[in-house]
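Below, each chain spelled out in residue letters.
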Amino acid sequence: MLALRAARAFDGERSIAGPVTVVTEDGKIRAVERGHPDVAGAEVVDLGTATVLPGLIDTHVHLCADSENGALDRLPEFTSEHLDMVVADGLDRHLRAGVTTVRDLGDRAWAVVDQRDRHRQRVLASGPPITSPRGHCWSMGGEASGDEALRSAVRERAERRVDVVKVMASGGFATPGTIADDCQFTEHELRVVVEEAHSLGLPVTAHAHSLAAVQRSVAAGVDGIEHCTCLSGGAMVVPVDLMDALAEADIAVCHTLGSTETPPPHIREAFERMGMSLAAKINAVGRMYDHGVRAVSGTDGGIGAGKAHGITAHALGDMVEAGMPNSVVLASATSGAARACGVTKGALKPGWDADVIAVQGDPMRDITALHHVTTVVIGGQIATTVLPADRRE
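Residues numbered from 1 in each chain as written. Predicted model: local features only at pLDDT ≥ 70, side-chain atom pairs only at ≥ 80, totals over all residues. Heavy atoms only, no water.

*Asks:* Please give an account of the side chain of Glu226 that cites residues and values.
*Replies:* Within the secondary structure, Glu226 is located in strand E13 (residues 224-232). Beyond its immediate chain neighbours, meaning those up to four positions away, Glu226 contacts His60, Arg103, Leu105, Lys166, Thr205, Ala206, His207, Ala208 and Cys254. (Helix = DSSP H or I, 4+ residues; strand = E, 2+ residues; numbered from the N terminus. Contact = heavy atoms within 4.5 Å.)

*Asks:* If you had to explain the nonpolar core to someone new, which residues and values would you point to?
*Replies:* Ranked by internal contacts, the top residues of the largest apolar core, which has 96 residues, are Ile130, Ile225 and Leu246. Once you skip the residues sitting within four places of it in the chain, Leu246 turns out to touch Val218, Ile225, Cys228, Ile251, Val253, Met288 and Val293. Counting 17 residues, the second largest nonpolar core, distinct from the first, contains Ala9, Leu47, Val52 and Val377. (Core = buried A, V, L, I, M, F, W, Y, C linked by side-chain atoms within 4.5 Å. Buried < 20%, exposed > 50% of the residue type's maximum accessible area, 1.4 Å probe, protein only.)

*Asks:* Outline helix H5 (residues 240-249), supporting the account with residue identities and numerical values.
*Replies:* Of all the residues in H5, the buried ones are Leu242, Met243 and Leu246. One side of H5 holds all its buried residues, which, seen down the axis, span an arc of 100°. Among the exposed residues of H5, those oriented more than 90 degrees off its buried face are Asp241 and Glu248. Buried residues along H5 sit in contact with helix H4 (211-220), E13, strand E15 (252-254) and helix H7 (278-290). Directly after H5, the chain includes Asp250, whose backbone phi takes a positive value near 55°. (Arc of directions from axis to C-beta.)

*Asks:* Explain the pairing of strand E11 (residues 165-168) to me, using residue names and the numbers behind them.
*Replies:* Consecutive residues of a regular strand have side chains that alternate between opposite faces of the sheet. Both faces of E11 are covered, namely the face carrying Val165 and Val167 and the face carrying Lys166 and Met168. Relative to strand E12 (residues 204-210), E11 runs parallel, the two being bridged by four bridges. Paired with Lys166 across the two strands is Thr205, which belongs to E12. Of the crossover connections in this fold, the one passing from E11 over helix H3 (residues 187-199) to the parallel E12 is right-handed. (Pairing = 2+ DSSP bridges. Right-handed = clockwise from strand over helix to strand, strands pointing away.)

*Asks:* Residues and numbers for the sheet that holds strand E8 (residues 56-61), please.
*Replies:* In a beta sheet, neighbouring strands pair by backbone hydrogen bonds and run either parallel or antiparallel. Taken in spatial order, the three strands make up an open sheet running E8-E9-E10, and their pairing is parallel. Two strands bound the open sheet, and with one partner strand each, they are E8 and strand E10 (122-125). Averaged over all pairs of adjacent strands, the angle between their axes in this sheet comes to 20°, without regard to strand direction. Relative to the sheet, helix H1 (residues 80-96) contacts E8, strand E9 (99-104) and E10, its axis offset from that of E9 by approximately 135°. (Axes fitted to C-alpha atoms, helices over the stretch in contact; angles between N-to-C directions.)

This is the structure in structure tokens:
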């Protein structure tokens, strides 16, 4: 049993004025109490002026990717031993950033699916994304063409107990020869994937950069859309009727924000050619939020030097810049992300998983507090801490 004492808390939906004590027992939240009551039998951790909140969830990562430019292109070169090292390093980066659950949306040869249970963090995984022949991320092993092949691909994922089906509705910037502002599947083909997955109890999220791919994905009934960049005619175009449809269907949109440096020249050139920029992306995110579109936080972590694992704080900062309130942004990486992933995490509520982090400062006032993670608790066990010894009883 742990008793975490802090100055204040964010419970996944709202702020709780402090002081606050979060009590965990047998891997679950037992209580969230005002003040600092004595808890018999508990190990007390005094977090001082910190804020406690649920462990963060990154809904879009690539653990096989090593956080260097060209990471996805080099996957076929990696041995299984090297892949294991890359996955472990990526998870360690996430851990230090306060991320206690990750959703992997594209591995190679089932590498992440097969080792989901080996790690401290909760790892959800899609396996190789379903893509068209020689389509975006084809080298991961998920190529399929035609209705029966698409159904078979979904069934294989169900047999391997994936947590979500990922389908590449458009091309992408990281795979030469694919076109990010075009489509890889028809609406009918996407509907085949969705219907087969739903019949097996699996959600579907669609990678979609082009406006047409987003529209087809919505029409096909997907549960989530990754990127949702809406590229068309050399610009980002987000029609009102599309935002209406996204909001009405309650589709979880992961904008894959966050970056720590500019992308490589060939990616920058493609961005410029297609009218994609951070300013345009931020504007679109704000418009979608104002229109009621549900956003969840994810980074596309691992695919490049500027998109390394563990940059969730940067992504959430971009969401605040887009005009989203801090409470909504924090929920997008906690309770909202948990809902999208179908897990009982992301909230400081009795009976929920005891994944808790502490950050120095108050992220409800200043989102950059998330850059200063001091303690991470996973399943009621302290996974990492920078507390001095004299602060623990």
